[in-house]
Every structure is written in C-alpha cells, then in structure tokens.
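# Coordinate inspection notes
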Amino acid sequence: MTAPTLKFIDTPVDQIDAETAPEAIAELRTAVAYHNERYHGADAPEISDAEYDGLFRRLQGLETRFPELLTEDSPSQKVGSAPSSGFRKLRHTVPMLSLGNAFTREDVEDFLSGVRNFLHEWRSDPTLRLEFVAELKIDGLSCNLRYEHRKLVQAATRGDGETGEDVTANVRTITDIPHQLPDDAPDVIEIRGEVYMTDADFQAMNARQQEMGGKVFANPRNAAAGSLRQLDPAITASRPLRFFGYAWGETSAPLGKTQTDCRKRLKSWGFKLNEPSPLVGSLDEMMAFYQDIQVKRPDLGFSIDGLVYKVDRLDLQQRLGFVARAPRWAIAHKFPPEQTMTRLEDIDIQVGRTGKLTPVAHLKPINVGGVMVGRATLHNEDYIKAKDIRIGDMVVIQRAGDVIPQVVEIVARERPADTKAYEMPDKCPICGSATMRREGEAAWYCTGGLVCPAQAVEHLKHFVARDAFDIEGLGAKSIAEFFEAGLIKGPGDIFRLKDHAHAIQARDGWGPQSTQKLLDGIDARRRIGLDRFILALGIPQIGRETARLLARHYGSLAKFREEMALAQDPEHEAWAHLVAINGIGESMALDLVKFMAEAHNTTVIDDLAHELDVQDFIAPKAKSGTPLDGKTLVFTGTLTAMTRHEAKARAESAGAKVTGSVSAKTDYLVAGADAGSKATKAAALGVTVMSEQEFIDMLAGQGET
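Attention here is on the structure that accompanies the text. (Residues numbered from 1 in each chain as written. Predicted model: local features only at pLDDT ≥ 70, side-chain atom pairs only at ≥ 80, totals over all residues. Heavy atoms only, no water.)

### A few points about unusual backbone geometry
For residues other than glycine, phi is negative in most cases, and the peptide bonds are mostly trans. Put simply, the rule reads: Runs of E in the DSSP output that reach at least two residues are strands. Runs of H or I that reach at least four are helices, and both are numbered from the N terminus.
Across the junction of Glu275 and Pro276, the peptide omega takes the value 5°, indicating a cis bond. Of note in the backbone geometry, His149 takes a positive phi value of approximately 50° without being a glycine. Along the polypeptide, His149 turns up in the loop between strand S4 (141–148) and strand S5 (151–157). With a phi angle near 60°, His379 is a residue other than glycine that sits in the positive phi range. In this structure, His379 sits in the loop between strand S16 (371–377) and helix H12 (381–387).

Encoded structure:
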C-alpha cells in the first residue's frame, strides 16, 4: 500500500468550502490512518512527526469548521493503530489515550485558559496558582507493564489505545524494567512509559548493523520500536533498549495525590524517570522551561520531540476528564518543524473532483529531516502572487502543516534574471476546457464537469471510498486504470464489470483469481445501507454523518428521492422538513436539492437502483440503564458548583445529548441563577426543570465519580 494522494492539501483550512469539505476530510482521514499504521503498526514512518502533526491538525481544523462531518470513526477520535497480526492481542483495562498538541505560545495559553475556565474555582479567582508538571516528551514506543502481587506478568504496546500487542517476553529482556516491585507497591499496578534508545546506543548499534549487512535504522525511535516488536525475544535482547516509567493505568490502590508524588514513588520502585520535570504554574514559566530544554536538547543523550504539561493534582485531573482521544488536563508542546532550501524547477496543475485546479511545485529533491522532498504545495493563485513564486526560484521548504510540504518563501538573492511571474492556465491541462476563477474564491476551476476525465475519475474514487461502497480489490489505482481503458465511465458500470472479466484478466497484474476476487467484492456490495449510498453519490457538503442523518430522517431511498423532488419548491413543507433536521443548514439543503434535481445525477441514481438493493435505514436501539442515557438536556442561567463547560462534559459522558434551545424534545432543563426565558418556555412545554444540585445528585445517583 502506498501513501494516499491528497488533492485538497494545498488549500488553507479557512478556504475549504462546504462543497469540498467532505472529500477533503475523507482524504485526510485516509492519510492520517495510513501514517498511523506506518508509525505505530509497521515502525516505518514515511513522514516526520512534525509533518504528521500538521496533517492531524489540518484534519482537526476541518472537523472544527464543519462539525456536522465529525464521525466517531475519524482518526482524530482514535489513538495509534490496530495491533499487528504477528503478536497476541491484549486489551488494556484502562485505555492508553493520546495527547492534544500545542505548537506555539498561543496554543499553550489557550490550553491554560481552557483548564482554568473549566474549573470553577480557578475561573473565579485568576490569581489562584494552578501547578503543572512539565515532562520531557520521549520519542519512543509507548508500553504498558502489568504487575500482579508485585510481579511483572504482562507487557503490551499501545496498539490502537484499546488493544495492544503482547510483548511480555521481549520486555523481560530490558534491564531498566524491574521484574519484581517492592512491598509497598499495590497488588495490581500498571506502569506506563516509553521504550527508547539513547543516541549513543543507537549510533553504535547502527554501526554494527551496517558492518554485518543488517538493517540500518533511520532514527532511534524506529530502532526502539522495531527492536521491541520482534517475534524472537533473543533479537530484542541483543538491542540496547531502555525504559522511562512515568505514568500508570489500572491500580488497586492510589499512588499519591499528585503527579509529582506518583513519579517519586515510581522512582523509588526502580523506574527511571524522564527528567528534569519541574512544577510550573504560569505561561511564562512553561515557555522558559521549553526554551531552556530546546537549548539543552542536543546534550540530553536521548531523543525528545517536545514537552508535556500535566495538571499536578490528580483530583483535578479526574474532574477535567477527557475529550475524544485526549485528556483535558494535559497537552504536548511540540518543537518547531525543520526548514531547508532547494530549487523550484517547475509548476504543474492537478485537477480535483470538483474541478478545482491545484498548483504544485516540482522541486530539486532535498532531504528534510530524514525524508526526501520533491514536491510542495503552492495552494492557489493568491498564494503564488503574494510570495511572488516563480519557476527557477530558490525556495524555503517547510515540512509541517501539510503532508505535501509548503513553500514558505523565496530566496530573492538567488533568483535567476530571466524568471517570469506565474500565470494560472486558461485551459484545463486534462481536458482542454476553459478555466475560471469563481467570484469570492481563491481557486480556479475547470468548467468541463464530468466531461473532464480527472473529475469523473475522482467522482468514481469517492464512490468506492472506505466510508462509501468500500469494494474490496477496487482502489483508486484500479479505478483510474479501468476508466482509462473504457471499462467504466459511471458508478453503475462498476456493477457490470463482470461483463469485462476476460479483459480484466488480460491486464498486467491481474489474473483469474484476482479478477474473481474483485467481482466477488463488487457483488458483496450490491446490498448497501441507505446512509452509505447517499454518501457515495458525492453530494456537495454531505459527509458520512450528514448522510446518516438524512438516512435516519427519510428511512428509504424512495422516500428520500420523493422528498428531495418536493423540496425543490421552497414553499413546500418538504423544504421546511429538510432544513429543520438538526445538523442540516440552509446552504447544505440547497446543495442537496440542487444535486438531486440535476438530470445527470438522477440518471446515475436510476442506473444504480437497477443494480443495487439499497437497504432502508434502521436506527440503533437507544441506550438504557442510567438516568441520563439518551436524554436531551439544556443548561440555562448561572451555575455555581461547576462551569457550564464542565457541566456539559459530565452530562455527555453520562450519555446525554446537550442542546442550546428548549423544545418539545427536551427532557430536562438544568436551571441556574437568573434562568430567564428558557425556564418559562420549558414550563409551557411541560419540560422537567431541575436545579444544579438536582443535576449533580442525578450524576451521583448513576455512579459518576
């Protein structure tokens, strides 16, 4: 498997429009999942940590801009990757979650403000000191060590955060890890930390590997991960692995009241700590330590890629809790990305599914942080003009913020005398159709529509994407090949590929067995859920979660089509019903109705309807068993025992849905001081109104701690 192609990576997040957001997010999710697997699963990353962080931040940024497209299976809501099939799987009793990232002083300030605003006492008194432990962020492989009756019984990698790989035999060969804990250790305790190599050990091992003709590793992290994840423990034993222990999972008894106390206790049991780890209580103190460590970083003797700030008090950590894949009480402050210079040799244009033209720089290949870079995004016409980028320029490249590196600036003193300002093409380089720049946008577009092969192919790739039809054996590469060969032109042709079985078998890389596997995979998708079907159509602004909303609301394909036809009349109640769906805005509804009204699209849907069995949507059964499961809450007025943010988080963690307005569907209104009109409306609708204390009592009654 090769790294996914990213068509929208060149466009800044704030310039991604609602039409392209679903596909932009989908391709980012595929890329993040791919690089997660390369890093965590294969121990063979293809991009740097800074580049991955930028890719991940871009995904989070788009999901923040378009919250209706956020799904539970997004990589932004997950940790690591699935464990390898080469090891026995072990399920973590307490999930091994990841951390949010900060890259600038402003990011750290936002984190601090978020913590203080979440906690009522610190929000009320800005002068009250709140302490954080500042730890070195080790660039190694996360590992969980389980001790029962003070004996090491099990060791597992992080894996996907829920399930890891059993590396117990290998871990027993690491001299830093105690096999027996002292008598004051709990009966059950899981010690968590990082398996790593020192810089000196890494260099010496690589020299030996090269001398013996063995594998030479790119960096200490890869070496540590590859060494720990050996099926033969003897190989692991021959590698100079070490371990920092600084956190914990399940424990049968408390380790202390603060992070600092717990770290001291781990040290007393024989674990080495990632030090120095001072207590800091302000943004200035955090930044001072960060800058100090940046200077000392080359002399630490082991690789780090930043710092981690953790709220010191464990009771406050518990109150702050978690959001998605990360704790609210901690954040990783990453070091800045690397930059270098090289020559821009050419600029070409890529055409996306919506016809958008993307300029891409072709560079003289250059090594940036261990990765050879030959291409870089130029975003759009405005970006090129603002930086006055020309073919032949010496440019500064930065591998952060996007998976395709960015051109940060030109080196004016190195500019050749004969360079000319770059002009966007007036004809599409793929189909020759006229190009145009839409009013109010920075991007240029091909006007060819589906006449343009690039757009048609990208539509087909979207149709078979993982969250849509997800046909085994039919990936982006095969779609492009079959389209070029004339075997498929539209989505319905995919389900008639059995008529071309002999032509497929005759193609390079194909044979009877692989062809039959493909045809079986296609047949397996002839029965498809309504939500996946709607997503596969590629309707502007309609992502997975929105497709699911539509499927839930309309139930069947026939009803969906009927209502969309009626909704073309803005005076018809079908339009009112559409825009009233929670999560469907007017802009999205307009795109949806317009798409469903186009003759070309209805022809495609008619064609597919003859080939497929589109299943009616069946809503999952609601949760039950606790007072707030499945309930809809609204908060109003001033809360005194907790902030509104904390109250909302605790309600959602208890299974409730929190909305901003009272309606007949509201189950409870939690009213603080000065409740106002929401309380009046709730009373008129017969909605149960409870006080803040009653809400707290309800949480306590269902077992929240």
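### A word on the nonpolar core
The line we're drawing: In this text, buried Ala, Val, Leu, Ile, Met, Phe, Trp, Tyr and Cys residues form a nonpolar core when linked through side-chain atoms within 4.5 Å. Under the scheme applied here, a residue whose accessible area is under 20% of the maximum for its type counts as buried, over 50% as exposed, and between as partly exposed, the area being computed with a 1.4 Å probe on protein chains only. We call two residues in contact whenever any of their non-hydrogen atoms come within 4.5 Å of each other.
Among the nonpolar cores identified, the biggest contains 57 residues, and Ile494, Phe533, Leu550 and Leu578 are the most heavily contacted of them. With six residues, helix H22 (residues 586–597) is the largest single contributor of residues to this core. With sequence-adjacent residues up to four places away left out, Leu550 is seen in contact with Ile534, Ile542, Gly555, Phe560, Leu578, Ile581, Ile584 and Leu592. Phe244, Ile304, Leu320 and Phe335 belong to the second-largest nonpolar core, a separate cluster that totals 36 residues.

### Some thoughts on the pattern of salt bridges
We apply this condition: Salt bridges are defined by distance alone: a side-chain nitrogen of Lys or Arg within 4 Å of a carboxyl oxygen of Asp or Glu.
Per the counting criterion, the structure on display carries 40 salt bridges. When the shortest N-O distance is used, the salt bridge between Arg313 and Asp315 registers 2.7 Å. Take Asp315: its relative accessible area is 38%, and that puts it in the partly exposed class. We note a salt bridge from Asp393 to Arg415, for which the minimum N-O separation is 2.7 Å.

### Details of the side chain of Thr198
Which entries qualify depends on this criterion: Polar contacts, as used here, are pairs of N or O atoms within 3.5 Å; protein pairs need one atom able to donate a hydrogen and one able to accept it. Residues neighboring in sequence count only if both atoms are side-chain atoms.
Looking at the secondary structure, you find Thr198 in the loop between strand S7 (188–196) and helix H6 (199–211). The exposure class assigned to Thr198 is buried, which follows from its relative accessible area of 13%. Looking at Thr198, its side chain comes within polar contact range of the main-chain nitrogen of Asp201, at 3.1 Å. Non-local contacts of Thr198, meaning those with residues more than four positions away in its chain, are made with Arg242, Gly301 and Phe302.

### Considerations on helix H10 (residues 283–296)
The criterion, for reference: An expected span of 1.5 Å times one less than the residue number is assigned to each helix. Directions drawn from the helix axis to the C-beta atoms are what define this arc.
For H10, spanning 14 residues, the distance from its first C-alpha to its last is 20 Å, which sits close to the expected 20 Å at 1.5 Å a residue. Those residues of H10 that fall on the buried side of the exposure criterion are Leu283, Met286, Met287, Phe289, Tyr290 and Ile293. Here the buried residues of H10 occupy an arc of 160° about the axis, which is enough to place them on one side. Among the exposed residues of H10, those oriented more than 90 degrees off its buried face are Asp284 and Val295. In the core, the buried residues of H10 are packed alongside helix H3 (105–118), strand S3 (132–138), strand S9 (279–280), strand S10 (304–311) and strand S13 (330–334).

### Some points on the sheet that holds S7
The line we're drawing: Any two strands between which DSSP finds at least two bridges are classified as paired. For helices, the fitted line uses only the C-alpha atoms of the stretch in contact; every axis is such a line through C-alpha atoms, and the angle between N-to-C directions lies from 0 to 180 degrees.
Taken in spatial order, the four strands line up as S5-S4-S7-S8 in an open sheet, and their pairing is antiparallel. Both outer strands of the open sheet, S5 and strand S8 (242–251), are each paired with one neighbouring strand and no more. Ignoring strand direction, the axes of neighbouring strands in this sheet form an average angle of 30°. Here six bridges tie S4 to S5, and the two strands are oriented antiparallel to one another.

### Here's the deal with the side chain of Gln259
Looking at where Gln259 falls in the secondary structure, it is placed in helix H9 (residues 259–268). The exposure class assigned to Gln259 is buried, which follows from its relative accessible area of 2%. Engagement of the side chain of Gln259 in a polar contact is seen with the side chain of Gln317, the distance being 2.8 Å. Beyond its immediate chain neighbours, meaning those up to four positions away, Gln259 contacts Val133, Glu135, Tyr246, Trp248, Lys310, Val311, Asp312, Leu314 and Gln317.

### A word on the sheet that holds strand S23 (residues 632–636)
Strand order across the open sheet formed by four strands is S24-S23-S25-S26, with parallel pairing between neighbours. The strands lining the two open edges of the sheet, one partner per strand, are strand S24 (657–659) and strand S26 (688–691). Strand-to-strand, the axes of this sheet are offset by a mean angle of 30°, without reference to chain direction. The pairing of S23 with strand S25 (residues 668–671) spans four bridges and is parallel.

### Structural notes on the pairing of strand S17 (residues 394–398)
Within S17, five of the five residues are buried, leaving the element largely enclosed by the surrounding structure. Of the two faces of S17, both are covered, the one formed by Met394, Val396 and Gln398 as well as the one formed by Val395 and Ile397. As paired elements, strand S14 (residues 339–351) and S17 share five bridges and run antiparallel to each other. Paired with Met341 across the two strands is Val396, which belongs to S17.

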